[in-house]
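Residues per chain are reported as follows:
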Amino acid sequence: MDKAKRLKNLSIMAKRLTEKVDEYRSIERTILEAAKEYNRSPEDISLKLEYPEQIDW
């Protein structure tokens, strides 16, 4: 991709990086509910998620 095309697509890429997808919103909701239930700040809640051993960039 040449420089002009990358520059043209920059705003699209930035938007995609900042959008909150359904999975994010679901996890956020779970954290907020747990924080309320345990009378804690959302920052105090940790998730036990499995991460892939290798991440393809």
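It should be noted that the structure appears before, not after, this text.
First, a word on scope: everything that follows refers to the structure included in this document. None of these values were measured; they are calculated from a predicted model.

### Section: the overall build of the protein chain
Reasoning step 1: Helix and strand counts for the protein chain stand at two helices and zero strands.
Reasoning step 2: For 57 residues, the compact-globule estimate of 2.2 N^0.38 gives 10 Å, and the C-alpha radius of gyration of the protein chain, at 17 Å, exceeds that figure by more than 25%.
Reasoning step 3: When its C-alpha atoms are laid out on the principal axes, the protein chain stretches across 50 × 25 × 15 Å.
Reasoning step 4: Looking at the protein chain as a whole, 5% of its 57 residues are labelled buried.
Reasoning step 5: If you sum the accessible surface of the protein chain, you get close to 6,200 Å²; carbon and sulfur atoms cover 52% of it.

### Concerning the environment of Asp 44
Reasoning step 1: Along the chain, the position of Asp 44 falls in the segment after α2 (22–37).
Reasoning step 2: Expressed as a C-alpha distance, the spacing of Asp 44 and Met 1, which sit 43 residues apart in the sequence, is 43 Å.

### Here we look at helix α1 (residues 3–18)
Reasoning step 1: In this model α1 runs 23 Å from its N-terminal to its C-terminal C-alpha over 16 residues, within 8% of the 22 Å that 1.5 Å per residue would give.
Reasoning step 2: The largest bend along α1 reaches roughly 40° and is located at Asn 9.
Reasoning step 3: Counting buried positions along α1 yields zero of 16 residues, so the element is predominantly exposed.

Basis of the calculations
Residues numbered from 1 in each chain as written. Predicted model: local features only at pLDDT ≥ 70, side-chain atom pairs only at ≥ 80, totals over all residues. Heavy atoms only, no water. Helix = DSSP H or I, 4+ residues; strand = E, 2+ residues; numbered from the N terminus. Rg over C-alpha atoms; globule rule 2.2 N^0.38 Å. Buried < 20%, exposed > 50% of the residue type's maximum accessible area, 1.4 Å probe, protein only. Areas by Shrake-Rupley, 256 points an atom, 1.4 Å probe, with all protein chains shown as cover. Expected span 1.5 Å × (residues − 1). Bend = angle between axes of the 7 residues up to and from the residue.

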